[in-house]
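As a plain string of letters, each chain reads:
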Amino acid sequence: MPTTVANLQSLLRQLVRVSTTDGRIFIGTFAGTDKPLNIILTNAEEYRIHPPDDLPEGRYVSLVMVPWKLVASVEAPSRWLEENEQPMYF
């Protein structure tokens, strides 16, 4: 089994943080992927960081599909607090 698929399967039904190349962050329950590996999250919230004040602006989006080409990283909660851990890149 390829490493990417094994990593994705280990995240099923877990809370994850998906950072995108356009500056958004999605936090939600990992529900899976489709064939082109777009990330599907349930019970998700979307956050945007606005440069002048750097305060996150969030909203509840429920179900979201994050296009694979926009995914910068996918992180599990245990990695959020550990400064020495690197995000899981696929």
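In this text, all values refer to a predicted model and were calculated from it rather than measured experimentally.

Talk me through the overall build of the protein chain; I want residue IDs and the actual numbers.
For the protein chain, the helix and strand inventory stands at 2 helices and 5 strands. If you list the helices and strands of the protein chain from N to C, you get α-β-β-β-β-β-α. Each of the 90 residues in the protein chain was classed as buried or not, and the buried ones make up 27%. Taking as baseline every contact in the protein chain between residues at least 6 positions apart, the subset at least 24 positions apart corresponds to 38%. As displayed, the protein chain has an accessible area near 5900 Å², and 53% of this comes from carbon and sulfur atoms.

Go over the sheet that holds strand β3 (residues 39-49) with me, naming the residues and quoting the values.
The strand order β4-β3-β2-β1-β5 describes an open sheet built from 5 strands, whose pairing is antiparallel. Only two strands of the sheet have a single neighbouring strand rather than two, namely β4 (56-66) and β5 (71-75). Taking the axes of each pair of neighbouring strands and ignoring which way they run, one obtains an average angle of 25 degrees across the sheet.

An account of the pattern of salt bridges is needed here, citing residue identities and associated values.
Across all of its chains, the model carries 5 salt bridges by this definition. The salt bridge partner of Arg-17 is Glu-75, with a shortest N-O separation of 3.1 Å. Taken together, the residues span a long stretch of sequence, with Arg-17 in strand β1 (residues 15-20) and Glu-75 in strand β5 at a distance of 58 residues. Here Asp-22 and Arg-24 are joined by a salt bridge, their closest N and O atoms 2.9 Å apart. Look at Asp-22 and you get partly exposed, because its relative accessible area is 43%. Where salt bridges share partners, they join Asp-22, Arg-24, Glu-46, Arg-48 and Arg-59 into one cluster.

Give a detailed account of unusual backbone geometry, specifying residues and quantitative values.
Despite not being glycine, Leu-37 has its phi angle at roughly 70 degrees, a positive value. Mapped onto the fold, Leu-37 is located in the loop between β2 (24-33) and β3. Judged by relative accessible area, which is 26%, Leu-37 ranks as partly exposed. Of note in this structure, Ser-62 is not a glycine but carries a positive phi near 65 degrees. Mapped onto the elements of the fold, Ser-62 is located in strand β4.

Here is what the cut-offs are and how they apply
Residues numbered from 1 in each chain as written. Predicted model: local features only at pLDDT ≥ 70, side-chain atom pairs only at ≥ 80, totals over all residues. Heavy atoms only, no water. Helix = DSSP H or I, 4+ residues; strand = E, 2+ residues; numbered from the N terminus. Buried < 20%, exposed > 50% of the residue type's maximum accessible area, 1.4 Å probe, protein only. Contact = heavy atoms within 4.5 Å. Areas by Shrake-Rupley, 256 points an atom, 1.4 Å probe, with all protein chains shown as cover. Pairing = 2+ DSSP bridges. Axes fitted to C-alpha atoms, helices over the stretch in contact; angles between N-to-C directions. Salt bridge = Lys/Arg side-chain N within 4 Å of Asp/Glu carboxyl O.

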